[in-house]
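Below, each chain spelled out in residue letters.
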Amino acid sequence: MKILLISSYPNNHHNSRSIFVYRLMQSLANLGCTIVVVSPENWRDKNKEYVKQPGDQEYGYEAATVYRPKYFDFPNRIRIGKYSLGRFNTIPHKKAVYKTLKNLDFKPDIIYSHFLYRSGPAAIMAAKHFNVPAVVALGESSMEKHESIFGKKNMRKLINQFSGIISVSHKNKSYCVEELCVPHDKIQVFPNTVNHEVFYPRDKFEMRKKYKLPHDKFIVAFTGHFIERKGPLRVLEAINGLNDDIGAVFIGSGKQEPIGEKVLFKGKVTHKQVGELLSASDVFVLPTTNEGSCNAVVEAMACGLPIVSSNIEAINEQVSQDNGILCHPENITEIRKAIQTLYTDKKLIEKKRIAALKTAKSSSLEIRATGILNFLKKQI
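Residues numbered from 1 in each chain as written. Predicted model: local features only at pLDDT ≥ 70, side-chain atom pairs only at ≥ 80, totals over all residues. Heavy atoms only, no water.

*Asks:* Please give an account of a negative patch on the surface that cites residues and values.
*Replies:* Together, Asp 216, Asp 244, Asp 245 and Glu 261 make up a negatively charged patch on the protein surface. In this structure Asp 216 comes out as exposed when scored by relative accessible area, which is 66%. (Patch = residues over 30% accessible without salt bridge, like charges linked within 9 Å, V, L, I, M, F, W, Y side chains within 5 Å. Areas by Shrake-Rupley, 256 points an atom, 1.4 Å probe, with all protein chains shown as cover. Salt bridge = Lys/Arg side-chain N within 4 Å of Asp/Glu carboxyl O. Lys, Arg positive; Asp, Glu negative; His and termini not counted. Charge placed at Lys NZ, Arg CZ, Asp CG, Glu CD. Buried < 20%, exposed > 50% of the residue type's maximum accessible area, 1.4 Å probe, protein only.)

Written out as structure tokens, the structure reads:
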């Protein structure tokens, strides 16, 4: 099958950008698909426009041909009256894609858009250009976030032009069916999965030695953007109320930077290093207020970590009482109590660790890619 992907995509400068899309495309290529990626980059990204061919051993290109046309974007936060300027970004984005398509010596069997916006309108345009079907993958943490920018009427009109819809969560599927009038049989749920070649349990002693982490502390791990929704400062506040034997590693970056004696490590690292730092830790804590299908959670479980996370719909699809503890994401006392429980009860944390590994083993990227490929074939 020949697939034209329209999506953000990682490169050597931004190797974590849409990494889950990258991994899926690599897996589809391994199943015999030919992949061409059009990944428009906004004017604020200083990388030059370039094209790489299959086989070039640079991150973000393997097993795919990638085009990165430039386009001008408007910040979503700037509004004129009730309208966000972000709603106009689909126009230059679509023009950048079309500019690439005009000179593309490739006839796809199907168009694959990741996220409804910004890629969705360009994907429908590409589908009409090549006279082929288009599918959209909804990896959004919340579909509602598009309402204030594009309006529900425009969302409904756009999404119902796709032949098929892939959702990472039942929450997103329910929204599409109930709010956007998408037929049940048009949308299928494929939760995010884990790359077991990167995320697996390493020797904890060796990983702590490598990253100069103390061997005698109970270490809490957090992975994600340092933003209010993810809750890094809530994690820090929770462990600040616990004894000195408990510290944390914060993997990521952002405005809500955790600072203090309990912060044993913080910063942005490579994907391999994420797996190593998780293996150096004892428990994973993510008090997120909203998610689609959380990669960070399943990656932590694959490294053998019990989960402390939020009692919200999307997380409930991944975490149970067997492999973790669910809390109100903004209740510091609940988060602190969950960490304390796992710290003091060695039998319980080992039981949940084994259950977490078992859950992660059932989550295979290859199985997901095969399921998605079969779904795509039905659209042609």
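*Asks:* Could you give me a rundown of the pairing of strand β10 (residues 134-138), with the residues and numbers involved?
*Replies:* Burial analysis of β10 places five of its five residues in the buried class, which makes it a mostly covered element. Sheet topology note: the strand β9 (residues 110-114)/β10 ladder contains four bridges and is parallel. Looking at β10, one finds that Ser 113 is bridged to Val 136. Chirality of the crossover, the property in question, places the unit of β9, helix α3 (residues 119-130) and β10 among those that are right-handed. With four bridges connecting them, β10 and strand β11 (residues 164-167) associate as parallel partners. The partner of Leu 138 across the bridge, within β11, is Ser 167. (Helix = DSSP H or I, 4+ residues; strand = E, 2+ residues; numbered from the N terminus. Pairing = 2+ DSSP bridges. Right-handed = clockwise from strand over helix to strand, strands pointing away.)

*Asks:* Residue-level account of the packing of aromatic side chains, with values.
*Replies:* Taken as a whole and assessed by the stated rule, the structure comprises seven aromatic pairs. Residues Tyr 117 and Phe 150 carry aromatic rings whose centres are separated by 3.6 Å and whose planes lie at 5° to one another, so their mutual orientation is stacked. Residue Tyr 117 is found in the loop between β9 and α3, and its partner Phe 150 is found in helix α4 (residues 147-150); the two are separated by 33 residues along the sequence. The same class applies to Tyr 117 as to Phe 150, namely buried. With 6.2 Å between their ring centres and 85° between their planes, Tyr 211 and Phe 265 make a pair best called edge-to-face. Placement of the pair is Tyr 211 in the loop between α7 (204-210) and β13 (218-223) and Phe 265 in strand β15 (residues 263-267), with a sequence separation of 54 residues. Neither residue differs from the other here; Tyr 211 and Phe 265 are each classed as buried. One aromatic cluster is present, built from ring pairs that chain together Phe 222, Phe 226 and Phe 250. A cation sits over an aromatic face here: Arg 202 above Tyr 200, 3.9 Å from the ring centre. (Phe/Tyr/Trp six-rings, centres within 6.5 Å; stacked < 30°, edge-to-face > 60°. Lys NZ or Arg CZ within 6 Å of the ring centre and 35° of its normal.)

*Asks:* Break down unusual backbone geometry for me, with residues and values.
*Replies:* Here the residue pair Tyr 117 and Arg 118 is connected by a cis peptide bond, since its omega of 10° sits within 30 degrees of zero. As for its placement among the helices and strands, Arg 118 is situated in the loop between β9 and α3. Despite not being glycine, Ser 18 has its phi angle at roughly 50°, a positive value. For Ser 18, the position within the fold is in the loop between β1 (2-6) and α1 (19-30). The class for Ser 18 is buried, based on a relative accessible area of 8%. A positive phi angle, near 60°, is found at Ala 63, a position not held by glycine.

*Asks:* Any chance you could break down the sheet that holds strand β18 (residues 324-327) for me, citing the residues and the numbers?
*Replies:* Note: strands within a sheet are paired through backbone hydrogen bonds, in either parallel or antiparallel orientation. Strands sit in the order β15-β14-β13-β16-β17-β18 across an open sheet of six strands; the sheet is parallel. The sheet terminates laterally at β15 and β18, the two strands that pair on one side only. For this sheet the average axis-to-axis angle between neighbouring strands, irrespective of direction, equals 20°. In the sheet, β13 pairs with strand β14 (residues 246-251) via six bridges, with the strands oriented parallel. (Axes fitted to C-alpha atoms, helices over the stretch in contact; angles between N-to-C directions.)

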